[in-house]
Amino acid sequence: MTQSTAQILDGKATAAAIKAELTTRVSVLAAKGIVPGLGTILVGSDPGSTWYVGGKHKDCAEVGIQSIRRDLPEDISQEGLLEVVRELNDNPECTGYIVQLPLPKHIDQDVILEAMDPDKDADGLHPMNLGRLVANVNGEMKSPLPCTPKGCVELLRRHNIELKGKRVLVVGRGVTIGRPIGLLLTRKEVNATVILAHTGTVDLPAELKQADVVIAAAGVPHMIKAEDLKPGAIVLDVGVSRVDDGNGKAVVTGDVDPAAADVAAWLSPNPGGVGPMTRAMLLANVVESAERQAGIA
Ligand SMILES: Nc1nc(=O)c2c([nH]1)NC[C@@H]1CN(c3ccc(C(=O)N[C@@H](CCC(=O)O)C(=O)O)cc3)C=[N+]21
């Protein structure tokens, strides 16, 4: 076995630092009589989703954000879910909210996301906010950004890693990461060159070999092999899969083969990398939106 050489992109420590900063900003808002409130809508009782939603409420308590929870049965109708969406749109205590994904198959995710008030969209997944991200390549973004892409950019920025002029390969075209992240990375303040690979890509190893930066967001356990990477690459392992550990216990597994640590210059661990950053960026979106509503930002 060769020795691991990659430096760690520590999402856990970085997220803790961001949460401390957000706690201060929440107390500034509190002094003006404003309490940000995050709503969550969870449909069904998938253990993974239930765990994520629980984590979001814990995070809120840590930084002083109020949280509002709507747990709904798996068999709720689309109209029933829309009613809850409208209730949170109109609820003044809820300054931002998320609908936990995935939704059950009988519900049209696009209809639900479009029914949200874009100003309360804490995930940055409303088509209005995704559209604003498409339209704006320069200057300050005044609308919420998708949490995981925002977390990736922030994780690199806080490790002083510049992407200007670098060739970035994004693997995966999902709406929460793969499709929006290129829009962020090609903004003028980042200036990366981005290639988006997906299951229709013909020669993924050839693309990987040329990439200075790899953002692995396919959700396929260990699909990115160490031998395919360019030596010295910067690798963000974003995919999350739950895999049986052989003893009937589910363990979180990323998209990147652990041996990548011998080839990459920087590697975000999974767990402990982009996941905690996603959670921190959700809190940041809630605070930023409350600041905008208060006329501070
Ligand atoms: N509307 C919506 N917004 C989301 O942001 C969203 C979603 N739906 N559906 C599911 C995915 C997944 N996701 C994660 C969040 C945190 C960790 C996280 O903090 N993971 C820890 C612990 C991992 C563990 O032990 O389970 C870590 O990486 O260290 C992971 C994954 C948000 N998602």
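Just so you know, the residues in each chain are numbered from 1, in the order the chain's sequence is written. Whole-chain, interface and lining totals are the exception, using all residues; otherwise, since this is a predicted model, local features are given only for residues with pLDDT of at least 70 and side-chain atom pairs are given and counted only at 80 or more. Computation of side-chain values covers all heavy atoms of the structure but excludes hydrogens and water.

## So, unusual backbone geometry
Keep in mind that most residues, glycine aside, have a negative phi and that most peptide bonds are trans.
Move 1: In the segment running from L101 into P102, the intervening peptide bond is cis, with an omega of 0 degrees.
Move 2: What counts as a helix is a DSSP run of H or I of at least four residues, what counts as a strand is a run of E of at least two, and both are numbered from the N terminus. Checked against the element boundaries, P102 lands in the loop between strand 4 (96-99) and helix 4 (109-115).
Move 3: Note that the residue after N270, namely P271, is joined by a cis bond; omega there is 5 degrees.
Move 4: Note on placement: P271 falls in the loop between strand 11 (266-268) and helix 9 (274-293).
Move 5: Positioned with a positive phi, N191 is a non-glycine residue whose angle comes to about 60 degrees.

## Focus on the site of the ligand
Move 1: In the region of the ligand, 15 residues are neighbours, and V99, Q100, L101, D123 and G272 sit closest.
Move 2: Side-chain atoms alone can form a polar contact between residues adjacent in sequence; in general such a contact is a pair of N or O atoms within 3.5 Å, and within protein one must be able to donate a hydrogen while the other accepts it. At a separation of 3.4 Å, an oxygen atom of the ligand approaches a polar side-chain atom of R242.
Move 3: Within the backbone of G275, a nitrogen or oxygen atom sits 3.4 Å from an oxygen atom of the ligand.
Move 4: Protein contacts shield 81% of the accessible area of the ligand, which totals 670 Å² for the unbound molecule.
Move 5: Of all elements in the fold, only helix 2 (47-63) and helix 9 reach the threshold of two or more residues within the shell around the ligand.
Move 6: It is helix 9 that provides the largest number of residues to the shell around the ligand, a total of four residues. Residue proximity to a molecule or strand is established when one non-hydrogen atom of the residue lies within 4 Å of it. Here the accessible surface of atoms and residues is derived via Shrake-Rupley with a 1.4 Å probe, and residues count as covered only by protein chains that are part of the display.

## Some remarks on the pairing of strand 5 (residues 167-171)
Move 1: Most of strand 5 sits inside the fold, with four of its five residues counted as buried.
Move 2: Criterion used throughout: strands pair if DSSP finds at least two bridges between them. Relative to strand 6 (residues 193-197), strand 5 runs parallel, the two sharing five bridges. Residue pairing for strand 6: R167 is matched across the bridge by T193.
Move 3: When the strands point away from the viewer and the path from the first strand over the helix to the second turns clockwise, the crossover is right-handed. A crossover connection joins strand 5 to the parallel strand 6 through helix 7 (residues 178-185); in handedness this β-α-β unit is right-handed.
Move 4: Both strand 5 and strand 7 (residues 213-216) contribute to a ladder of four bridges, which runs parallel. Think of it in three bands: with a 1.4 Å probe and only protein chains considered, a residue is buried below 20% of the maximum accessible area for its type, exposed above 50%, and partly exposed in between.

## Comments concerning the domain arrangement of the protein
Move 1: Taken domain by domain, the protein consists of domain 1 (32-117) and domain 2 (146-276).
Move 2: Contact criterion: two residues are considered in contact whenever any of their non-hydrogen atoms come within 4.5 Å of each other. Taken together, the contact between domain 1 and domain 2 spans five residues of the former and four residues of the latter.
Move 3: Summing both partners gives a buried area of about 230 Å² for domain 1 against domain 2, and 53% of it is carried by carbon and sulfur.
Move 4: Note: buried area is the sum, over both parts, of the accessible area (probe 1.4 Å) each one loses when the two are combined. Its largest share of buried area at the contact with domain 2, domain 1 owes to G48, Y52 and L101, together 75% of the area lost on that side.
Move 5: Whenever a carboxyl oxygen of Asp or Glu lies within 4 Å of a side-chain nitrogen of Lys or Arg, that contact is scored as a salt bridge. Applying the counting rule to domain 1 against domain 2 returns zero salt bridges.
Move 6: Counting every contact that joins domain 1 to domain 2 gives one residue pair in polar contact (both at pLDDT 80 or more). Residue ranges assigned to the domains are those given by an automatic or database domain assignment.

## Points about the state of the cysteines
Move 1: Cysteine sulfurs are considered disulfide-paired once they come within 2.5 Å of each other. By the definition in use, this model includes zero disulfides.
Move 2: Left without a disulfide partner, C60 is nearest to the cysteine sulfur of C94, which lies 10 Å away.
Move 3: We classify C60 as buried; its relative accessible area is 0%.

## Some thoughts on the packing of aromatic side chains
Both the distance between ring centres and the angle between the ring planes are used here to describe each pair of aromatic rings.
Move 1: Stacked, tilted and edge-to-face are the three classes assigned to paired rings of Phe, Tyr and Trp, where Trp is represented by its six-membered ring and a pair needs centres within 6.5 Å; plane angles under 30 degrees give stacked, over 60 edge-to-face, the rest tilted. Overall, the coordinates contain one aromatic pair when judged by the stated rule.
Move 2: Centre to centre, the rings of W51 and Y52 are 5.7 Å apart; their planes meet at 75 degrees, and the pair counts as edge-to-face.

## Observations concerning the side chain of K56
Move 1: On the secondary structure map, K56 appears in helix 2.
Move 2: Positive: Lys, Arg. Negative: Asp, Glu. His and the chain ends are not part of the count. One buried charge, K56, has no salt-bridge partner; the nearest side chain with opposite charge is D123, at 5.6 Å.
Move 3: Here the side chain of K56 touches Q100 through a polar contact of 2.8 Å, side chain to side chain.
Move 4: Excluding residues within four positions of it along the chain, K56 makes contact with L38, I98, Q100 and L282.

## Re the packing of helix 1 (residues 11-31) against helix 9
Move 1: A fitted line through C-alpha atoms serves as each axis, taken over the contacting stretch for helices, and the angle formed by two N-to-C directions is quoted from 0 to 180°. Interaxial distance between helix 1 and helix 9 falls to 9 Å at its minimum, and their mutual angle equals 15 degrees. Compared by their axis directions, helix 1 and helix 9 come out roughly parallel. Note on packing geometry: the crossing formed by helix 1 with helix 9 is left-handed. Along its contact with helix 1, which presents G11, K12, T14, A15, I18, K19, L22, R25, V26 and L29, the element helix 9 presents P276, M277, A280, M281, L283, A284, V287, E288, A290 and E291.
Move 2: Three categories are distinguished: nonpolar for Ala, Val, Leu, Ile, Met, Phe, Trp, Tyr, Cys and Pro, charged for Asp, Glu, Lys and Arg, and polar for the others, with Gly belonging to the last. Classifying every residue of the contact of helix 1 with helix 9 gives 13 nonpolar, two polar and five charged. For this classification, under 35 degrees means roughly parallel, over 145 means roughly antiparallel, 65 to 115 means roughly perpendicular, and everything else is oblique. Handedness of a helix crossing follows the sense of rotation of the near helix relative to the far helix, less than a right angle counterclockwise being left-handed and clockwise being right-handed.

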